[in-house]
Amino acid sequence: MSSSAQRSPKPKDGPPHGASPEWFRHKGLEVAVHRAGDHGPGVVLLHNGGTSHSIWRHQIADLATDHRVVAVDLPGFGASPLPSQPIDLETHVELLSALIQHDELAPVTLIGNCMGSAIAAGIAARHPGSVRALVLINPLTDATFAAGGLGMLMASSRLRSVVTTPVRAVLRRLRFPRVTAPLTLRFQVGPAGARAKVHHDPELTACLLRSEQAPALTDVLADLPTSYRIVRGPDGPPLCTIWGARNRILSPRVGARLDSVLRPEHRALVRHTGHLPMLERPNEVTKVIRSFLAEVTTADGGRPTSRTVEIVR
């Protein structure tokens, strides 16, 4: 396996959060890696398309007190360069699996949002013995996306040549004017996020304005119809799902149907939040994660008690 890690200067258009990242390279791919905490079980945090590791800033600060935390900027996002060729979900899974092995994090807890959830689930499906627990926030599947506010970008195969292909061609050349960034981000958050002014967050704005953002998002969209399926086998690790109740990007209603298939041990619905509940209501989301991981530890290889949590305050 050809993998390496080292410190390196941050690209000029990378988001400004935190110290300069370290770099992990595997089979021609390079990603920015942000490590925190020096003891305890391993945790890997995987962001959604369009943001960076910075969405986890609150969870990193909390979990690093007793975990070894690794937050990644996925290829083409945050500080990580866009691959020379589009990569699919399976390539993401291979890349992150190599990082987990390199950092000796197994058995690891994987926490992902949207596409990060799909990658986390893919790692658990391929290497169930290396994953201690899964936390999937707003899991991305073709069904949850198709029923959301941007579902027209994944038109049916009959319409794809008419609608989706031209739209994706435009997206590859699109650059977001700075003035539109708050409006684009406002669509992603719920009332709690609006009150917290998440849509004016400078780090999220920096991600949105990055030149490689649109091509990277386009590659995710192109891969959606065929690759983004989340399954849970009988040997899968304990699972917690968290949904933003006011998510416009992915459908919480379809997410509830996905939960009925996955049967997570913990399920949380966070009221008044959208696609970024970890920033919109960080304390509540962190408490759900902490509670779940505490039960995983107590279960000691068994299954935590099933519970559904609805955060309504």
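Data block above holds the structure.
Draft legend 1. A look at the nonpolar core. Within the largest apolar cluster, 47 residues are counted, with the highest numbers of intra-cluster contacts made by Val44, Leu96, Leu110, Ile119 and Leu140. Leave out the neighbours within four places in its chain, and Val44 touches Val70, Leu96, Ile100, Leu105, Val108, Thr109, Leu110 and Ile111. Within the second largest apolar cluster, 33 residues are counted, among which are Leu63, Ala64, Leu276 and Ile289.

Draft legend 2. Highlighting the environment of Val93. Assignment of secondary structure puts Val93 in helix 2 (residues 89-102). The exposure class assigned to Val93 is buried, which follows from its relative accessible area of 2%. Along the sequence, Val93 and Ile119 sit 26 residues apart, while their C-alpha atoms lie 5.7 Å from each other. Sequence-distant contacts of Val93, defined by excluding residues within four places in its chain, comprise Ile119, Gly122, Ile123 and Arg126.

Draft legend 3. Region of the structure containing the side chain of Ser130. You can see Ser130 is positioned in the loop between helix 3 (115-126) and strand 7 (131-137). You can call Ser130 buried: its relative accessible area is 17%. A distance of 2.9 Å separates a polar side-chain atom of Ser130 from the backbone oxygen of His127.

Draft legend 4. Molecular detail of the pattern of salt bridges. Taken as a whole and judged by the stated rule, the model has 14 salt bridges. For Arg35, the salt bridge goes to Asp103, with nearest N and O atoms at 2.7 Å. Taken together, the residues span a long stretch of sequence, with Arg35 in strand 3 (residues 29-36) and Asp103 in the loop between helix 2 and strand 6 (108-113) at a distance of 68 residues. Taking relative accessible area as the criterion, Arg35 reaches 30% and is therefore assigned partly exposed. Its salt-bridge partner being Glu212, residue Arg210 comes within 3.0 Å of it at the nearest N-O pair.

Definitions and limits used
- Residues numbered from 1 in each chain as written.
- Predicted model: local features only at pLDDT ≥ 70, side-chain atom pairs only at ≥ 80, totals over all residues.
- Heavy atoms only, no water.
- Core = buried A, V, L, I, M, F, W, Y, C linked by side-chain atoms within 4.5 Å.
- Buried < 20%, exposed > 50% of the residue type's maximum accessible area, 1.4 Å probe, protein only.
- Contact = heavy atoms within 4.5 Å.
- Helix = DSSP H or I, 4+ residues; strand = E, 2+ residues; numbered from the N terminus.
- Polar contact = N/O pair within 3.5 Å; in protein donor to acceptor, adjacent residues only side chain to side chain.
- Salt bridge = Lys/Arg side-chain N within 4 Å of Asp/Glu carboxyl O.

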